Amino acid sequence: MRNFEYYTPTRIIFGKDTHYQIGDLLKQGNYKKVLIHYGSGSIVRSGLLKEITDSLDTAGVSYVTLGGVVPNPRLSKVYEGIRLCREEQVDFILAAGGGSVIDSSKAIGYGAANPWTDVWNFFLKKKTPTDCLPIGVILTIAASGSEMSSSAVITNEDGWLKRGCVKTDLCRPKFAILNPRLTYTLPQYQTESGCVDILMHTMERYFVNLETMEVTDSISESLMQTVIYNARILMNEPGNYNARAEIMWAGSLSHNGLTGCGTGGGDWACHQLEHELGGQYDVTHGAGLSALWGSWARYVYKENPERFAQFATNVFHIPCGLDFEKTALQGIQAMEDFFRSIQMPTSLHQLGLDLTDSQIHDLAFRCSFEDTRTIGAFMQLNMKDMEKIYHMAN
Ligand code: NZQ
Ligand code: ZN
């Protein structure tokens, strides 16, 4: 097992009605001007925005608002937010939404606090931020785990590059309010895409080619089982509070580092492959992951069939004999069957894409940063490998 450091500074406030505390929470922090940042309107329609502003008004906290964040959040909106923060002397950003809104808030926080450079340099990994405006979250979709994570992912419309920021603890939210009821209004496709993303954040850390820790493996396997069980319930009962609550807490635990303790950082190839789909074709992140995962798994499992067999047995109760490869393949099949059972795609076609050979080549070219990098840790993948996986998924 590898050495590790585990640091999760985000205060979690979980449960029914918790978002009504927002005014008091911000008042305690003595913030002078809060930016309420949100998406394309779901929190306006649900009434959440009004509840937030009422709570801030009652507490006497000043604020400005900026909506319009889209899924695969854009750099132009980040620049707009940075300008607003400077004009209004904002000293706290409240992200009310999902991963896209939180990531846009983190990028604005970095941009406003580091006027010495263009914020995009942090996403090109040319520069490292030295500060970030403090961020708080009211989460409306369980998926990205950004409410506790140290990362942010933004799409630059100039070239449609979707890139993750340099990871630092500076952008980790100070608090996250997790009220499972706020997710009731989600379209089913978003709920289930979120479940896939949550699973993937644990699987990316789980599928590594080194000796891991039993305790981390057990936490990961039980987290995966919990998500699978409750994602199925939500297919039929979207208003099931307990299932929503299990998924929401699993979403945060899946991406706050817990399931990576001792696993050396994880693989992350599927996320890298998906980011190109998100940047180029604007697909929903979790659905893109489910379209790719089976192809990735079949491409790499022979590197360590035993690890995949452990996954099959401990997550899907598939008996394991001495033929690890057979059990490994059964486990991959079981996960894909699960994706199908929650109406998630298992190919790019099902994702709504019909890609030509040259489009696939372009995806691999971009994902490999023009053939200058490899991705993955379970198996290192070069540009040719990436192209083959996209082909298998097509
Ligand atoms: O914009 P609105 O109108 O709010 O609609 C959103 C959006 O259309 C809607 N929605 C959210 N909550 C809702 C709701 N609709 C009805 N009722 C509600 N309660 O859902 C749609 C998707 O929202 P989005 O924020 O894009 O979803 P998600 O949380 O899945 O975030 C995806 C983004 O996070 C990034 C992804 O790459 C993607 O850009 N990720 C960020 C990570 C991080 N920072 O640590 C890690 C992840 O791996 C991921 O890459
Ligand atoms: Zn993800």
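The chain has the name Iron-containing alcohol dehydrogenase in an unreviewed UniProt entry, where Blautia ammoniilytica is given as its organism.

1. Some points on the overall build of the chain
Along the backbone of the chain there are 15 helices and eight strands. Taking the principal axes of its C-alpha atoms as reference, the chain extends roughly 65 × 45 × 40 Å. Here the chain holds 394 residues, and 52% of them are scored as buried. Once local pairs closer than 6 in sequence are excluded, the contacts in the chain between residues at least 24 apart make up 77%.

2. Some points on the site of ligand 1
Residues in contact with ligand 1 amount to 34 residues; listed here are only the nearest, Gly-39, Pro-71, Gly-98, Gly-99 and Ser-146. Secondary-structure elements contributing two or more residues to the shell around ligand 1 are helix H2 (42–45), helix H5 (99–113), helix H7 (188–206) and helix H10 (269–281). Here the shell around ligand 1 gets four residues from one element, more than from any other, and that element is H5. Of the residues contributing to the shell around ligand 1, the split by class is nine nonpolar, 23 polar and two charged.

3. Examining the nonpolar core
Core analysis: the biggest nonpolar cluster contains 118 residues, and Val-34, Ile-93, Leu-94, Ala-96, Val-227 and Ile-247 have the highest contact counts within it. Discounting residues that sit within four places of it in the chain, Val-227 has contacts with Cys-195, Ile-198, Leu-199, Ile-247 and Ala-250.

4. Observations concerning the sheet that holds strand S5 (residues 135–139)
Strand order in the open sheet formed by six strands is S1-S8-S5-S4-S2-S3, and the pairing between neighbours is parallel. Edge positions in the sheet fall to strand S1 (11–14) and strand S3 (63–66), since each has one partner strand and no second. Strand-to-strand twist across the sheet, computed as the mean angle between neighbouring axes with direction ignored, equals 15 degrees. Relative to S3, strand S2 (residues 34–38) runs parallel, the two being bridged by four bridges. Bridge pairing links Ile-36 to Thr-65 in S3. Most of the contacts of helix H4 (residues 75–88) go to S3, to which it runs at about 165 degrees, and overall it touches S2 and S3.

5. A look at helix H12 (residues 305–316)
Between its terminal C-alpha atoms H12 stretches 16 Å, which fits the 16 Å expected from twelve residues at 1.5 Å a residue. Within two residues after H12, His-317 carries a phi angle of roughly 60 degrees, on the positive side.

6. Remarks on the packing of H7 against helix H8 (residues 214–236)
At their nearest, the axes of H7 and H8 sit 10 Å apart, and the two run at 170 degrees to each other. Comparing the axis directions of H7 and H8 gives the class roughly antiparallel. Within the contact between the two elements, H7 uses Thr-191, Glu-192, Cys-195, Ile-198, Leu-199, Thr-202, Arg-205 and Tyr-206 and H8 uses Ser-220, Leu-223, Met-224, Val-227, Ala-231 and Leu-234. Taken together, the residues of the contact of H7 with H8 sort by class into nine nonpolar, three polar and two charged.

7. As for the UniProt feature "domain: Alcohol dehydrogenase iron-type/glycerol dehydrogenase GldA" (unreviewed entry) in the chain
According to UniProt, the "domain: Alcohol dehydrogenase iron-type/glycerol dehydrogenase GldA" (unreviewed entry) feature falls on residues 9–180. In the segment residues 9–180, helix accounts for 33% and strand for 21%; the C-alpha atoms at its two ends are 21 Å apart.

8. What to know about the UniProt feature "domain: Fe-containing alcohol dehydrogenase-like C-terminal" (unreviewed entry) in the chain
If you check UniProt for "domain: Fe-containing alcohol dehydrogenase-like C-terminal" (unreviewed entry), the listed places come out as residues 194–393 in our numbering. Annotated as 66% helix and 0% strand, the span residues 194–393 places its first and last C-alpha atoms 20 Å apart.

9. Comments concerning the pairing of strand S8 (residues 175–178)
Both faces of S8 are covered, namely the face carrying Phe-175 and Ile-177 and the face carrying Ala-176 and Leu-178. Judged from the four bridges that link them, S1 and S8 form a sheet pairing that is parallel. Paired with Ile-13 across the two strands is Ile-177, which belongs to S8.

10. As for the packing of helix H11 (residues 285–300) against helix H15 (residues 383–393)
At a closest axis distance of 8 Å, the pairing of H11 and H15 adopts a crossing angle of 125 degrees. With respect to each other, H11 and H15 are oriented oblique. In the crossing of H11 with H15, the sense of the turn from one axis to the other is right-handed. Contacts between H11 and H15 involve Ala-291, Leu-292, Ser-295, Trp-296, Arg-298 and Tyr-299 from the former and Lys-388, Ile-389, Met-392 and Ala-393 from the latter.

Cut-offs used in this document
- Residues numbered from 1 in each chain as written.
- Chains lettered and ligands numbered in written order.
- Predicted model: local features only at pLDDT ≥ 70, side-chain atom pairs only at ≥ 80, totals over all residues.
- Helix = DSSP H or I, 4+ residues; strand = E, 2+ residues; numbered from the N terminus.
- Buried ≥ 20, exposed ≤ 12 C-beta atoms within 10 Å, placed from the backbone.
- Contact = placed C-beta atoms within 7 Å.
- Near = placed C-beta within 6 Å.
- Nonpolar A, V, L, I, M, F, W, Y, C, P; charged D, E, K, R; others polar.
- Core = buried A, V, L, I, M, F, W, Y, C linked by C-beta atoms within 7 Å.
- Pairing = 2+ DSSP bridges.
- Axes fitted to C-alpha atoms, helices over the stretch in contact; angles between N-to-C directions.
- Expected span 1.5 Å × (residues − 1).
- Parallel < 35°, antiparallel > 145°, perpendicular 65-115°, else oblique.
- UniProt positions renumbered as here; feature names shortened; annotations may be inferred.
- Left-handed = near helix turned anticlockwise from the far one by under 90°.

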